[in-house]
Every structure is written in structure tokens, then in C-alpha cells.
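Results of the structural survey
Given next are the chains, with one letter for each unit.
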Amino acid sequence: MLGIDLMRDPAIQAFRGDVRRFCETALPGDIRAKVLAGQHLEKQDYVRWQKILFDKGWIVGHWPRQYGGQDWTPLQRAIFDDETSKAGAPWLTPFGVCYAGPVIYTFGSPAQKDRFLPGIRSTDTWWCQGYSEPGAGSDLANIKTRAVRDGDHYVVNGQKTWTTMAQWADMMFTLVRTSSDGKPQNGISFLLIDMNSPGVTVRPIQSIDKCHHLNEVFLDDVRVPADNLVGEEGRGWTYAKFLLNNERLLGAEVGKSTRLLQQLRQTLLDIQNGGQALADDPHWRRRLGELRARLLALEAVCNEYLAAAEAGSTPGLEVSALKIMGSELIQGLTGAMVDALAVKGLVYQTPALDAGWQAAPVGLPQAPGMIREHLHDRATTIYGGTNEIQRNILAKAVLGL
Amino acid sequence: MSAFTTEDRRLLADSINRYVDEAYGPEHRAAILKSDDGFSRSDWATYAALGWLGIAIGEEQGGSGGGLAELAVLMRAAGRGLLMEPLLPTLVLAAGALSGGGNAQQQAQWLPAIAEGRAILTLAQDDAASDETPVIASPTEGGYRLNGRRGFVLYGAAADQIIVKVELAGQVALFLVSPTAPGVTLAHASTVDDRPVSDLWLDDVAVAATDRLPGGDASLLANLNEAAALAVCAEAVGAMEAANRLTLDYLKTRTQFGSSIGSFQVMQHRMVDMSLAMQEASAITWAAIGAVTSGNPDAALLTAAAKARSSAAARLVGEQSIQLHGGIGMTEEYAIGHYYRRLMLLETLFGAAGWHLDRLGGWTAAGLDGERG
């Protein structure tokens, strides 16, 4: 079935309607307002929304039923992601429910499943991802953080970086080097580290949006119980790749782009220049048209992959296309917003990013949120494998170059 | 509802692609380019015999009852093989106009003839997206007189009948006009991709009331032009697939500085971008075709997006195919330049990217909102 027809399948439309209605009633208005205004979210905002989803049984809808999920297909999961994003729900922080959870229920021991999965489902445990290091960004296999076995513990030494939301985290799933023999990929293990362990130091990194979501994590003689090793020693790279495979179909972030496009359209209607709205300017009309066409096309590409997944095929490396197209569209949208704001987009009044801020705005009240989004989203072509790496993957794996 | 299943369409695509590979090679095509007609009447007869010309013509008229989705399969293969025959004007435009707007007598006279390969028809409307020099129809006793000019009449030299868009009392109307009727003058030339094209002058051309397509109004023409835009997208997708394939092969075989040029990252990333552009154009084109054929309210929106993205992709793939080939890509002997010129034509026909983007950017423009509001 064609993706476009699949989307109109009554069962699929009913599911979409369920998610949409749920968001309308269950998404707290204050959280939604912060998201739509581009304001800071506190840990409690994320936790509150994720617990609402947990109570509904949807927080891990894509997990198998035996682990508390709903056995959603990739298509259902995409629709859930799409509708929650459009509704102005917070980013569903993926580190527990999308990353650590599936690796643990797929490769972990029964004891690890019992110990970690409940906290992931309920968001009582906050997770972060310890992958990148100062010397291992695109070349992730070059990680140097070492874990040395000492009795029934590993002693971990090294440094992780770009660790999103580590300042809130209880646990970190980490790629560590347990061997230097053979190919670099073969000596990597997947270790779960308690962030409260002695020797763990989290240091904030302020990003260009003036916000703090990134961190450095220093690991000095951290003693980690050997029970926290997932699967086999030396197989961490395989588990990490498995994890990425799970996520690739969502790489396009169609829901987010849909929301940004609506926001851009509203901005063009709101901003007057020379007595007419920007939306009536032929230049802006065409630029908006182009972004809209790109979004529709991206949706069509996604729908093809989702239809294929629905028919039973497993997405391969060709899905890197979604990351490239999706991230470049997001940057096209936020770039257009900043251009539309023009000189008003140069006033970055960061206190306005805090909910409840009462002082008089300088410039346009909606500008700070858009600027924050624009600055933050320069990262979309960097995180999760830069777009240059994605193009390398496609050249090699799909084109055979 | 189309009489074709997904499996039928796959078999159709296989059979056309096989024909292109086996019977429509570079030498065959070179001979056609040198011929007076500029296309092959013997291939046209073969297409008829294989049932392709009647693919979107009703079964009661000797066709097989398909629609836009089946035409798109044909057009994609036409792009892939750079076919020179008048598929777009005859099957998509003229047969579409007759099927949707003709009376029983007109349909009975022309649709079986098209399906059997006995008649070539075309449509004269300038371009869907361009400003027009109208042809004016003035009533006379028992008929009309037509006066005016139409540009860009594809395959005008070969047409047995030309369906002309005219202005009649301020409204759009369509008339069947014989190219040999007194007062009709055609000036012939070639398109940039070597296909026959004509300008048409009508000087007091007498037509009967029965030559008018009763359902040939502005809304029919708009639907026809949407379908044609998608047929052009499908042809462009086929041409891009072929151009990308040729270019990729070249990157793997051409050696410079002691390595295949495809080992250079700058070439790899360019090739990936060409491949992504093609993939995107293909996905949105098929989504739009699906929407049109299933009556999805987003059909107009998706069609505009499909033509806009296909046109942008055609530009990128066409230009970069030549660039990555280097000097050899500039030669008339090598195929890539022919793909480039075909893509140039398809990019602009039935609305270049900008025209469709303006429609999309208007947002509240009638018919483009669909379910999205």
C-alpha cells in the first residue's frame, strides 16, 4: 500500500485521532505554553508530562507488551511522535525510553530488566547518554574512557562530553573501552553507571542559545558493579548500533517541522513591513511555499519507509536520508523565522525564556523563543551523527562508493 | 476506480522497462533523432500492440480502463529511456480531454483510434502556467470562427487533430481542429530535448458546433493540467533515476589521481544529494498521484509540492550529472546531455518550481488547504 493511502486507513486515522484528542485534554496548558513559546522547561515539566503518558500506557508504547509496552508498529510510533510534537508536547526525552530501555530488554539480564525497566517507564529514573568524548565525536569508535575489571567491579576513568541533561540524570548508559586489542569497535562495552557514584563529576557546558542542556561528565576511578555490564563485554558497539537502528525512522522530526512551519506562517502574518504583512510579500510567499513543499515531500518519503516497515521490512542504512532531509528542513524553517524577524530577531532577551517573566519585552515578545530555537537547532545537523557522516554512510552503504 | 492492481502496475513497469532496455537503445534513438518525424511511428505501433496507448482509455473505447497511476508508470519509463514518442500530448492531454470532456461521438471517433495507434492528437493551450495569447471563438451560423495564436503545441506536425483551448464569451472552451483546415498555419521547430513542437495560427478557421468538447471547460482543463504536471513529474523521476545511475557508474569507473573519482568525498556527497533529491521527488510524486486517484482532499496541495520538488530535483540532478562527468558530459554523443535537456523541459512544463511554490505559499489559496487548514 502506498504511504499516502496507508495514512488514510481508518484504523490509522482512528489511532491518530486518539493521540490528538488525548493531547488536547491531557497535555497541561502551562507546559504546552512554554513549549510553543520556546521557553525553558524544567526537569519537573518533562517528568510531569512523561508520567501522564505513563499513566495512559503510552510512554513506552513502542516496547513489547511483555515489558509494559503496547507493541506499536513503527507507523504508530511515528504518528504518536508526530501528533505529540504538533500539539506542543515537550520533547520526549529519549535516553531512557528509547535508548537504554530497549537495549536492556533486548540484551540485558533478567536482573537488569527487573531493576531498571520500571524506573525508565515511570521516569522515576532519569537517564543520560555517555557516548561522545573530546577525542571521539564523529569517530565514535575512538573512545578512550577505560573500564578495568577489579573483582566484581569495573573501575572507570575518562571523560564524556555533550551529555544532554546529565545535570538531572540518575543513570548514564555509557560506551567504555574494555580492550585495546583488534579493531577499535571490538573493545567497547555497554556499561550502566550510577551518576551518584563517587568520582562522577558533571560540569555544565553553556551552548550558543545561552542555555544549559549539555554537560561534560568526568569519571575518576568510578567503581561500577560488574552487574551493570549489559550483555557481553566487547559487544557494546553492536548494541549501540542496534539502538540507532531503532531510532532512524523518527530521524525526520516531521511533527516538529510541522509545528515550526505553522509558527513561521503566523509570524509572516503578524509582522508588517511597509504597510503589508510579510505573508503578502512575493519573496516570502515563495519562500514559505518552498518550505511547505519540502515538508510535504519529507512526509512522503517518511510514509514510504513507514509503509515498508508496516509491510514487514526492516529499515536499513538508507534511512540516513531522513536525518539529512529532516534536519536541513528544520534549519531552513528556523532560519526563515529569524530572517522574518529581521532586526527584531537581534534582540535576544533571555530572561523572557523563563516562564512567568513579567517585565516589559524589548522588541517582539515572541522573538526570544524563536531565536532560541534557531540557535539550538544549529545542532540538528551535528547530533546523532553529523550530516557529513550521514552522507558518508549513504555513499558507502547505498551507492556503493 | 482503476482496473489495475499494484501487481498489475509492477508488471506493466517491468514490461515497459524491458522494452526500453532491449529495443530502444542509443543507436535506435539516434536514428529516430535523425528522422523527419522526430519520433518513431513503428515504435508507436508497437506501443499500441502492447496495449500501452490505451492504458488510461476506458474499456468501452478499446482501452484497459486505467488512469493517472498507470500513465505515470508509462511516463517514468519514458523518462528513463528518453522515449521520443508523443505520449504526453496524446495520452495524457488529448485523450484526457476527450475522456473527461468529449461527447459520445467524439470519444467513439478518437479514443479507439488513439488506443490502436491510428491517431496522434495534441492539445494547444500555450503552457498551463504562462500568460496566454488567447484564441477567440466567435459564433457563426452553425458553428464558430477561431482567430488567434497558440504557442508550444507539442508534436503539432504529427497531429491528426489538435484540441485548441479558446475563449468563448469569456469562458474557456475546447475545440477539435484539423491541422489541414483552411486558415490553420503551423510553424515547426524542435524543443530543447529534440522533440517536435509548433506554433499554431488560426485565421478565421471555421469549426462546427459539434467540434466543441461539451465538457471542455476551465475546471476540466485545470484537472488535466494537474494530471499532466504529475505525468511530467513521473517522467522526470524516470530521467533522474537513469541520469543518476549513469553518473554513479561513471564515478565508479573513471580514474584520476590513481583512484576512482567516486572515492573522493566531495563527489560522494554530491552524488548522495542527487540521489536524495530524486528520492524525495519520487516519494512526493507517487503520494500526489495516490491522492489524485483516491480523491484525497490534499491532492491539489500534494500536486503543487510534487511539481515544485521534482522541478528543483531535475535542475540539481541534470546540472550535477554533467558536472560530475566532466568534459565527456558536454558531448552530444554521450547520453547525459540528452537527459539534461529532457529534464530542462520537464522542469518548466506545467509550471516551473516557482509557480507552484507561489501557490503553496499563498496557503489560503482555494484548493490548496486540503485537510491541513
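Predicted model, so just to flag it, every value in this text is computed and none were measured. (Residues numbered from 1 in each chain as written. Chains lettered and ligands numbered in written order. Predicted model: local features only at pLDDT ≥ 70, side-chain atom pairs only at ≥ 80, totals over all residues. Heavy atoms only, no water.)

**Quick word on the overall build of chain B**
- Per the secondary structure count, chain B includes 11 helices and nine strands.
- A compact globule built from 373 residues would reach a C-alpha radius of gyration of about 21 Å, and chain B, at 21 Å, matches this within 12%.
- With the C-alpha coordinates of chain B rotated into their principal frame, the extents come out at 80 × 50 × 40 Å.
- In chain B, which comprises 373 residues, the proportion classed as buried is 56%.
- Taking as baseline every contact in chain B between residues at least 6 positions apart, the subset at least 24 positions apart corresponds to 73%.
- If you sum the accessible surface of chain B, you get close to 14,400 Å²; carbon and sulfur atoms cover 53% of it.
- For chain B, the centre of its 26 positive side-chain charges and the centre of its 42 negative side-chain charges are spaced 5 Å apart. (Helix = DSSP H or I, 4+ residues; strand = E, 2+ residues; numbered from the N terminus. Rg over C-alpha atoms; globule rule 2.2 N^0.38 Å. Buried < 20%, exposed > 50% of the residue type's maximum accessible area, 1.4 Å probe, protein only. Contact = heavy atoms within 4.5 Å. Areas by Shrake-Rupley, 256 points an atom, 1.4 Å probe, with all protein chains shown as cover. Lys, Arg positive; Asp, Glu negative; His and termini not counted. Charge placed at Lys NZ, Arg CZ, Asp CG, Glu CD.)

**Section: the overall build of chain A**
- Counting its secondary structure elements, chain A contains 13 helices and 10 strands.
- In terms of C-alpha radius of gyration, chain A reaches 22 Å, essentially the compact-globule figure of 21 Å for 401 residues.
- Over its C-alpha atoms, taken along the principal directions, chain A stretches across nearly 75 × 50 × 50 Å.
- Burial status across chain A gives 55% buried among its 401 residues.
- For chain A, the share of sequence-separated contacts (at least 6 apart) that also reach a separation of at least 24 residues comes to 72%.
- Summed over all atoms, the accessible surface of chain A reaches about 17,000 Å², with 51% contributed by carbon and sulfur.

**Thoughts on the interface of chain A and chain B**
- Counting from both sides, the interface comprises 33 residues of chain A and, opposite them, 44 residues of chain B.
- Overall, the association of chain A and chain B removes approximately 3,400 Å² of surface from exposure, summing both partners, and the carbon and sulfur fraction of that is 63%.
- Of all residues in chain A, Arg292, Leu399 and Leu401 of chain A bury the most surface against chain B, accounting for 20% of the area lost on that side.
- Here chain A and chain B share three salt bridges between them. (Buried area = accessible area lost by both parts, 1.4 Å probe. Salt bridge = Lys/Arg side-chain N within 4 Å of Asp/Glu carboxyl O.)

**Quick word on the packing of aromatic side chains**
- Considering all chains together, one arrives at 28 aromatic pairs over all chains under this definition.
- Measuring from ring centre to ring centre gives 5.2 Å for Trp63 of chain A and Tyr105 of chain A, while their planes differ by 65°; the resulting arrangement is edge-to-face. Residue Trp63 of chain A is located in the loop between helix 4 (43-56) and helix 5 (74-87), and its partner Tyr105 of chain A is located in helix 6 (residues 94-107); the two are separated by 42 residues in the primary sequence.
- Of the residues examined, Trp63 of chain A reaches a relative accessible area of 0% and is grouped as buried.
- Overall, Tyr105 of chain A belongs to the buried group, its relative accessible area being 13%.
- It is Lys56 of chain A that lies over the ring of Trp58 of chain A; its NZ or CZ is 4.9 Å from the centre.
- Here the basic side chain of Arg76 of chain B rests over the ring of Trp286 of chain B, its NZ or CZ set 4.9 Å away from the ring centre. (Phe/Tyr/Trp six-rings, centres within 6.5 Å; stacked < 30°, edge-to-face > 60°. Lys NZ or Arg CZ within 6 Å of the ring centre and 35° of its normal.)

**Side note on helix 10 (residues 282-310) of chain A**
All names here are of chain A.
- For helix 10, built from 29 residues, the straight-helix expectation of 42 Å at 1.5 Å per residue is met to within 8% by its first-to-last C-alpha distance of 41 Å.
- Capping of helix 10 at its N-terminal end is provided by Asp281; its side-chain oxygen lies 2.7 Å from the backbone amide nitrogen of His283.
- Backbone geometry just after helix 10 places Gly312 at a positive phi near 105°. (Expected span 1.5 Å × (residues − 1). Polar contact = N/O pair within 3.5 Å; in protein donor to acceptor, adjacent residues only side chain to side chain.)

**Focus: the domain arrangement of chain A**
Residue and element names in this part refer to chain A.
- The domains assigned to chain A are domain 1 (3-92), domain 2 (127-234) and domain 3 (251-398).
- If you average the C-alpha positions of domain 2 and of domain 3, the two centres end up 31 Å apart.
- Contacts between the two partners involve six residues from domain 2 and, on the opposite side, eight residues from domain 3.
- Here domain 2 packs against domain 3, burying approximately 520 Å² in sum over the two surfaces, 72% of which is carbon and sulfur.
- When the area that domain 2 buries against domain 3 is broken down by residue, the three leading residues are Ser138, Ile208 and Asp209, summing to 69%.
- At the boundary of domain 2 with domain 3, the tally comes to one residue pair in polar contact (both at pLDDT 80 or more).
- Residues that form the side of domain 2 that touches domain 3 fall into these classes: two nonpolar, two polar and two charged. (Domains from an automatic or database assignment. Nonpolar A, V, L, I, M, F, W, Y, C, P; charged D, E, K, R; others polar.)

**Quick look at the environment of Ala352 of chain A**
Residues and elements named next belong to chain A.
- Secondary-structure assignment places Ala352 in the loop between helix 11 (320-341) and helix 12 (367-376).
- Given the relative accessible area of 14%, Ala352 is considered buried.
- It is 7.9 Å that separates the C-alpha atoms of Ala352 and Pro365, two residues lying 13 residues apart in sequence.

**Description of unusual backbone geometry**
Residue and element names in this part refer to chain B.
- Phi angles above zero are rare outside glycine, and Leu82 is one such case at about 50°.
- Within the element layout of this structure, Leu82 appears in the loop between helix 4 (68-81) and helix 5 (87-101).
- In this structure, Phe257 is a non-glycine residue whose phi angle is positive, near 50°.
- Relative to the elements of secondary structure, Phe257 occurs in the loop between strand 8 (255-256) and strand 9 (259-260).
- Relative accessible area serves as the criterion here: at 78%, Phe257 is assigned to the exposed category.

**What to know about the packing of helix 10 of chain A against helix 11 of chain A**
Residues and elements named next belong to chain A.
- For the pair helix 10 and helix 11, interaxial distance at closest approach is 10 Å and the crossing angle is 160°. Relative to helix 11, the element helix 10 is oriented roughly antiparallel. Every pair of crossing elements has a handedness; the one defined by helix 10 and helix 11 is left-handed. Side by side, helix 10 and helix 11 meet where Trp284, Arg287, Leu291, Arg294, Leu295, Leu298, Val301, Cys302 and Tyr305 of the first sit next to Ala321, Leu322, Met325, Gly326, Glu328, Leu329, Gly332, Leu333, Gly335, Ala336, Asp339 and Ala340 of the second. (Axes fitted to C-alpha atoms, helices over the stretch in contact; angles between N-to-C directions. Parallel < 35°, antiparallel > 145°, perpendicular 65-115°, else oblique. Left-handed = near helix turned anticlockwise from the far one by under 90°.)

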